[in-house]
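Structural features, examined
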Amino acid sequence: MTDNIYPIFDKMLTRIDKEELLGQRGVMIWFTGLSGSGKSTVAIALERELHKRGLLCRILDGDNIRTGINNNLGFSEADRVENIRRIAEVSKLFIDSGIITIAAFISPNNDIREMAAGIIGQDDFLEVFISTPLEECEKRDVKGLYAKARRGEIKNFTGISAPFEAPEHPALSLDTSKLSLEESVDRLLDIILPRVKKESDKAVK
């Protein structure tokens, strides 16, 4: 008889069971970079390419997180940390279900991204730096956020009045001012597909 006070976990199917069902391995692809760098654009294109290959994905970004699970958070330092913490916890649930999870968030410093990696698990965490220069990001600023930040109308805006720390050892760095969308996705597929393909347990003798 078990002493586990949460016996339901003894009955739940495991991550291996879910990955066997889907025929894929769960992994986190975490895009970080400045506003306007191309994170969401690349994430959406990547999802489409993985979907074409019969792989199940889930994109998490500001649109579906800030309007839902994190709609009670602001942009103070404490709220930014809690925003990423919740994203990481939700991502872990997806990954444990065998789903390829794609996160696109500024996540501006190494500490906050290391926290996310610690929650999700380093082995499941692929950090991708969208390294598009600030000047190019400002040119693409259709919402005028950078201009407002430079006028002081938006406080603590990353890249203008708040710092951005580039990842020290990203799995991949992509400058979308130099690479086409197709080139960016191809480079991503090169590192992702070997990680997510589920090999048969039956070895050919």
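Whatever comes next refers back to the structure up there.
Computed from a prediction, not measured in an experiment: that's the story for all the values here.

Next up on the list: the overall build of the chain. Scanning the chain from terminus to terminus reveals 8 helices and 5 strands. Counting helices and strands in the order they occur from the N terminus, the chain gives α-β-α-β-α-α-β-α-β-α-α-β-α. Put simply, the chain has 205 residues, and 39% of those count as buried. The contacts in the chain between residues at least 6 apart in sequence include a share of 76% that link residues at least 24 apart. Carbon together with sulfur atoms contributes 54% to the accessible area of the chain, which is approximately 11,800 Å² in total. Here the chain contributes 29 positively and 33 negatively charged side chains, and the mean placements of these two sets differ by 3 Å.

A full pass over the atoms with the stated rule returns 4 aromatic pairs. Members of the aromatic cluster, joined through ring pairs, are Trp30, Phe105 and Phe125.

Most of strand β3 (residues 100-104) sits inside the fold, with 5 of its 5 residues counted as buried. Burial along β3 is two-sided: the residues Ile100, Ile102 and Ala104 and Thr101 and Ala103 are all buried. Sheet analysis places strand β1 (residues 27-32) next to β3, joined by 5 bridges and oriented parallel. For tryptophan 30, the partnering residue across the bridge sits in β3 and is alanine 103.

This next bit is on the packing of helix α2 (residues 39-52) against helix α8 (residues 181-196). Between two packed helices, what matters for the description is the angle formed by their axes and the separation of those axes. Relative to each other, α2 and α8 sit at 60 degrees, their axes nearing to 10 Å. Considering the angle they form, α2 stands oblique to α8. In this structure, α2 crosses over α8, and the sense of that crossing is right-handed. From α2, Thr41, Val42, Ala45, Leu46, Glu49 and Leu50 reach across to α8, where they touch Leu181, Ser184, Val185, Leu188, Leu189, Ile192 and Leu193.

One pass over the full model with this rule turns up 11 salt bridges. Between aspartate 96 and arginine 15 there is a salt bridge, and its shortest N-O distance comes to 3.8 Å. Remark: arginine 15 occurs in helix α1 (residues 15-22) and aspartate 96 occurs in helix α4 (residues 77-96); sequence separation between them is 81 residues. The structure contains a network of salt bridges with shared partners spanning Arg15, Glu19, Asp96 and Asp124.

Within the secondary structure layout, serine 37 lies in the loop between β1 and α2. In contact with serine 37, not counting residues within four places along its chain, are Ile130, Thr132, Cys137, Arg140 and Thr176.

Let's shift gears to helix α5 (residues 110-120). Here α5 has its buried residues at Asn110, Ile112, Arg113, Ala116, Ala117, Ile119 and Ile120. With a side-chain oxygen lying 3.3 Å from the backbone nitrogen of aspartate 111, the N-terminal cap of α5 falls on asparagine 109.

Look at α2: 20 Å from first C-alpha to last across 14 residues, which is about the 20 Å you get at 1.5 Å a residue. Three or more residues of α2 are buried, namely Lys39, Val42, Ala43, Ala45, Leu46 and Leu50. Here the buried face of α2 lies against β1, β2 (57-61), β3, β4 (125-130) and α8.

This part takes up the sheet that holds β4. As summarised here, the arrangement of the 5 strands in space is β2-β3-β1-β4-β5, forming an open sheet in which the pairing is parallel. Two strands close off the open sheet at either side, each with one partner strand: β2 and β5 (172-174). Averaged over all neighbouring strand pairs, the angle between strand axes comes to 20 degrees, with direction disregarded. Pairing analysis gives 3 bridges linking β4 to β5, with the strands arranged parallel. Residue pairing for β5: valine 128 is matched across the bridge by leucine 172.

About the cut-offs
Residues numbered from 1 in each chain as written. Predicted model: local features only at pLDDT ≥ 70, side-chain atom pairs only at ≥ 80, totals over all residues. Heavy atoms only, no water. Helix = DSSP H or I, 4+ residues; strand = E, 2+ residues; numbered from the N terminus. Buried < 20%, exposed > 50% of the residue type's maximum accessible area, 1.4 Å probe, protein only. Contact = heavy atoms within 4.5 Å. Areas by Shrake-Rupley, 256 points an atom, 1.4 Å probe, with all protein chains shown as cover. Lys, Arg positive; Asp, Glu negative; His and termini not counted. Charge placed at Lys NZ, Arg CZ, Asp CG, Glu CD. Phe/Tyr/Trp six-rings, centres within 6.5 Å; stacked < 30°, edge-to-face > 60°. Pairing = 2+ DSSP bridges. Axes fitted to C-alpha atoms, helices over the stretch in contact; angles between N-to-C directions. Parallel < 35°, antiparallel > 145°, perpendicular 65-115°, else oblique. Left-handed = near helix turned anticlockwise from the far one by under 90°. Salt bridge = Lys/Arg side-chain N within 4 Å of Asp/Glu carboxyl O. Polar contact = N/O pair within 3.5 Å; in protein donor to acceptor, adjacent residues only side chain to side chain. Expected span 1.5 Å × (residues − 1).

Read these as layout, nothing more, since geometry by itself doesn't imply function.
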